[in-house]
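Spelled out, the chains give:
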Amino acid sequence: MFTTLIRTQAESRNLVHRGNVGFECASCWLHLPTGDGIGTGYGVDRAGRLHCYACCTKLDLEAMRKHEEPFHCYVAQDGRSVSNWPGGRLGEIRNYGESRAGWNGSTVARFRVRDVHGRWWTGWGAGRGMVCTLRPMKGAP
Ligand SMILES: [Zn+2]
């Protein structure tokens with residue numbers, strides 16, 4: 001068992017992530033260890049509640065299924081897929097292209113994504129390993 005159990009981002013700010021600290025996932029209610037180093041072991045939603053990585057991916061996939069609003073995700077290093085920040089796969093990249101059209105000659109990547117639900121998105125961002133923005137496409141390309 002954990003000596004300390006946190007449920008919100010506010011609670012996490014008040015302690016050092018060390019020792020026997022756990023968190024309660026607001027989606028599946030599991031009690032899981034917080035990470036040390038870079039990974040915390042959880043993601044935070046807009047309300048400040050904590051969710052385990054598996055639930056973060058589930059929530060992102062549900063939001064993606066609506067296919068209504070722009071979506072932020074990460075482009076894989078090989079430029080072939082997009083994922084959410086814990087690394088959950090969200091879709092496959094097609095027609096990936098990069099140009100130096102960004103501010104001060106920086107890279108702009110444009111591509112299409114077929115998500116795990118089979119819907120299409122247009123994507124753009126700073127390229128491999130970086131955040132990108134997806135916008136829902138109507139119909140198939
Ligand atoms: Zn969970």
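Residues numbered from 1 in each chain as written. Predicted model: local features only at pLDDT ≥ 70, side-chain atom pairs only at ≥ 80, totals over all residues.

### Remarks on the sheet that holds strand S2 (residues 21-24)
Inference 1: Strand order in the open sheet formed by 3 strands is S1-S2-S3, and the pairing between neighbours is mixed. The sheet terminates laterally at strand S1 (4-6) and strand S3 (31-33), the two strands that pair on one side only. Between one strand axis and the next, the sheet turns by 35° as a mean value, whatever way the strands run. (Pairing = 2+ DSSP bridges. Helix = DSSP H or I, 4+ residues; strand = E, 2+ residues; numbered from the N terminus. Axes fitted to C-alpha atoms, helices over the stretch in contact; angles between N-to-C directions.)

### Let's talk about the environment of Leu30
Inference 1: Inspection of the secondary structure assignment puts Leu30 in the loop between S2 and S3.
Inference 2: Classification of Leu30 by C-beta neighbours within 10 Å gives exposed; the count is 12.
Inference 3: With 22 residues separating them in the primary sequence, Leu30 and Cys52 have C-alpha atoms 8.3 Å apart.
Inference 4: Apart from residues no more than four positions distant in its own chain, Leu30 is found in contact with Cys25 and Cys52. (Buried ≥ 20, exposed ≤ 12 C-beta atoms within 10 Å, placed from the backbone. Contact = placed C-beta atoms within 7 Å.)

### Considerations on the domain arrangement of the chain
Inference 1: Taken as a whole, the chain is organised into domain 1 (4-60) and domain 2 (67-136).
Inference 2: Facing the 5 residues of domain 1 at the interface are 4 residues of domain 2.
Inference 3: Here the side of domain 1 that touches domain 2 is composed, by residue class, of 2 nonpolar, 2 polar and 1 charged. (Domains from an automatic or database assignment. Nonpolar A, V, L, I, M, F, W, Y, C, P; charged D, E, K, R; others polar.)

### Details of the pairing of strand S9 (residues 108-115)
Inference 1: Burial along S9 is one-sided: the face carrying Ala109, Phe111, Val113 and Asp115 is buried and the face carrying Val108, Arg110, Arg112 and Arg114 is not.
Inference 2: Of the strand pairs in this sheet, strand S8 (residues 89-99) and S9 are connected by 7 bridges, and their pairing is antiparallel. Across the sheet, Arg94 pairs through a bridge with Arg112, a residue of S9.
Inference 3: Where S9 meets strand S10 (residues 120-125), 6 bridges bridge the pair, whose relative direction is antiparallel. Of the residues in S10, the one forming a bridge with Val113 is Trp121.
Inference 4: Counting the residues that bridge the hairpin from S9 to S10 gives 4 residues, and of these Gly118 lies at a positive phi of roughly 95°.

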